Amino acid sequence: MDIKRVGVIGAGTMGNGIAHVFARCGFEVLLCDVEQRFLDRALETIGKNLEREVAKNKISADDKAATLKRIQTVTDYAKLSGYEFVTEAATEKFEIKTQIFRDLDRLIAPDAILATNTSSISITKLGALTKRPEKVIGMHFFNPVPVMKLVEVIRGLATSQETFTAVRDLSVKLEKTPVEVNDAPGFVSNRVLMPLINEAIYTVMEGVATPEAVDEVFKLGMAHPMGPLTLADFIGLDVCLDIMRVMHGGLGDPKYRPCPLLVKMVDAGWLGRKSGRGFYKY
Ligand SMILES: NC(=O)c1ccc[n+]([C@@H]2O[C@H](COP(=O)([O-])OP(=O)(O)OC[C@H]3O[C@@H](n4cnc5c(N)ncnc54)[C@H](O)[C@@H]3O)[C@@H](O)[C@H]2O)c1
C-alpha cells in the first residue's frame, strides 16, 4: 500500500505532533478538529517546533516552509473521503472515539486504514464499531512526537497482517521505531509505566520519602532522565488516574488499584504541569 496522504483527527498535544512528523517526512496531511481555533493553535505550535529543529540544524528553513505547506486544516471530515490512511488522536473518551470511528467508517474507502493513538481504549473494541475491523490498528506515538522514537503498533483481535505491515512500514518512513504489541489494557508502555508511577505515589502517601527524594532515586540509581513523579506531572495526573482505572477494570487485578493520594490530588484539581500544581509547583 503506497500511502501519500494522511488524515489526522484531533489537533491537540499529540495530533499536532503527529501532523508535524508526517508532513516533515513528505506526506500531505489533512488535520481535523472540531473548531478552527484549535487548528490555528496547532499550526502555531508546529511552526514553533519546526523552528526549534531549524535552530538545531536538523532541518533547513526551506524544509520548515515546505513542511508547513503540506499541512491543510479542516473542521469537516467529509474532505477525508479519498484518503487511504486516517489516524485519530482526539480526546481520550470512548464516546468521542465511537462517534469518530462510526463517521469515518461511513466516509472513507472500505480498504482505507483507520488507526488510533489511544493510550488505553481497546483497539479490538474500536475495530468492532466499524465494518472494517481488519483495517483498524493502534499507532501509539509518544510525547513529544517529533522527538520520541517509539511507536507501539497494536494489533486488535481482528487486525490483518496487511494492515500491521502497512503501519509498521509507515512508522519507519517517519523515522520511528515500531514495536509490535497485542491489544491488552495499557498495552506494554502504560501497563509497566503506570504501576511504577502509582507505586511511587504510594511511597509519598505513606511518608516513605518526599517526591524530590523518590525522583532522585530513579534519576541517580536507575539513570532515568526524569523521576516518576516529575513524569506523572508532565503526563497529567488525571491521565495517569484514567489509565490506572482502565487497567484496574480491564485486568481485574487489585495490584492496579489507583493510589488514594492520586485520586485525592485529581479531585483537588492538582493535575500536574498543565494546572500549575501536581507533585511540584509550576
Ligand atoms: N498526551 C500524551 O502524552 C499522550 C501520549 C500518547 C497517547 N495519547 C493519546 O492521544 C490522544 C490525544 O491526546 P492529547 O493529549 O493530544 O489530547 P488533547 O486534549 O491535547 O487533544 C485532543 C484534541 O481532540 C480534539 N477533539 C475532540 N473531539 C474531536 C472530534 N470529534 N473530532 C476531532 N477532534 C476532536 C479536541 O478539540 C482536542 O484539540 C488520546 O487518545 C490520548 O490517550 C496521549
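Refer to the preceding data block for the structure.
Remember, it's a predicted structure, so these values are computed and weren't measured experimentally.

**As for the site of the ligand**
Here's step 1: In the vicinity of the ligand lie 23 residues, with Met14, Asp33, Tyr77, Glu92 and Lys97 positioned nearest.
Here's step 2: With respect to the ligand, the backbone of alanine 90 contributes an N or O atom lying 3.4 Å from an oxygen atom.
Here's step 3: At 2.8 Å from an oxygen atom of the ligand is found a side-chain nitrogen or oxygen belonging to lysine 97.
Here's step 4: Expressed as a share of its isolated accessible area of 840 Å², the protein-covered part of the ligand is 80%.
Here's step 5: Tallying contributions element by element places helix H4 (residues 94-107) first for the shell around the ligand, with three residues.
Here's step 6: Looking at the shell around the ligand residue by residue, the class counts come to eleven nonpolar, nine polar and three charged.

**Some remarks on the nonpolar core**
In a soluble, globular protein the nonpolar side chains are often hidden away together inside.
Here's step 1: Core analysis: the largest hydrophobic core is formed by 35 residues, its most contacted members being Phe22, Phe85, Met139 and Phe141.
Here's step 2: If you list the elements that add at least two residues to this core, you get strand S1 (5-9), helix H1 (13-24), strand S2 (28-32), helix H2 (36-55), strand S5 (113-116), strand S6 (136-141), strand S7 (150-155) and helix H6 (161-173).
Here's step 3: Within the second largest apolar cluster, 24 residues are counted, among which are Leu237, Met247, Tyr256 and Tyr280.

**Some details on the side chain of aspartate 215**
Here's step 1: One can find aspartate 215 in helix H8 (residues 211-221).
Here's step 2: Among buried charged residues, aspartate 215 stands out as having no salt bridge; its nearest opposite-charge side chain is lysine 219, 6.7 Å away.
Here's step 3: The residues touching aspartate 215, leaving out its near neighbours within four places in the chain, are Gly227, Pro228, Leu229, Thr230 and Tyr280.

**Some words on the layout of surface pockets**
Here's step 1: Taken as a whole, the second largest pocket encloses approximately 460 Å³ of empty space.
Here's step 2: What lines the second largest pocket is a set of 19 residues, and nearest its centre among them are Thr45, Asn49, Arg52, Pro144 and Pro146.
Here's step 3: At the level of elements, H1 and H2 are the ones that each hand at least two residues to the lining of the second largest pocket.
Here's step 4: At six residues, H2 tops the list of elements feeding residues into the lining of the second largest pocket.

**Focus on the packing of aromatic side chains**
Here's step 1: Here the structure, examined in full by the defined rule, presents two aromatic pairs.
Here's step 2: Centre to centre, the rings of phenylalanine 22 and phenylalanine 27 are 5.3 Å apart; their planes meet at 90 degrees, and the pair counts as edge-to-face.
Here's step 3: With 6.0 Å between their ring centres and 50 degrees between their planes, phenylalanine 22 and phenylalanine 85 make a pair best called tilted. Linking phenylalanine 22 in helix H1 with phenylalanine 85 in strand S4 (residues 85-88), this pair joins segments that are 63 residues apart in sequence.

The rules we used
Residues numbered from 1 in each chain as written. Predicted model: local features only at pLDDT ≥ 70, side-chain atom pairs only at ≥ 80, totals over all residues. Heavy atoms only, no water. Near = heavy atom within 4 Å. Polar contact = N/O pair within 3.5 Å; in protein donor to acceptor, adjacent residues only side chain to side chain. Areas by Shrake-Rupley, 256 points an atom, 1.4 Å probe, with all protein chains shown as cover. Helix = DSSP H or I, 4+ residues; strand = E, 2+ residues; numbered from the N terminus. Nonpolar A, V, L, I, M, F, W, Y, C, P; charged D, E, K, R; others polar. Core = buried A, V, L, I, M, F, W, Y, C linked by side-chain atoms within 4.5 Å. Buried < 20%, exposed > 50% of the residue type's maximum accessible area, 1.4 Å probe, protein only. Lys, Arg positive; Asp, Glu negative; His and termini not counted. Salt bridge = Lys/Arg side-chain N within 4 Å of Asp/Glu carboxyl O. Contact = heavy atoms within 4.5 Å. 1 Å grid on protein atoms, 1.4 Å probe; cavity = no way out; pocket = protein on both sides within 12 Å on 5 of 7 lines; lining within 4 Å. Points joined across faces, edges and corners; volume = space filled by probe spheres on them. Phe/Tyr/Trp six-rings, centres within 6.5 Å; stacked < 30°, edge-to-face > 60°.

Structural measurements only, silent on function.
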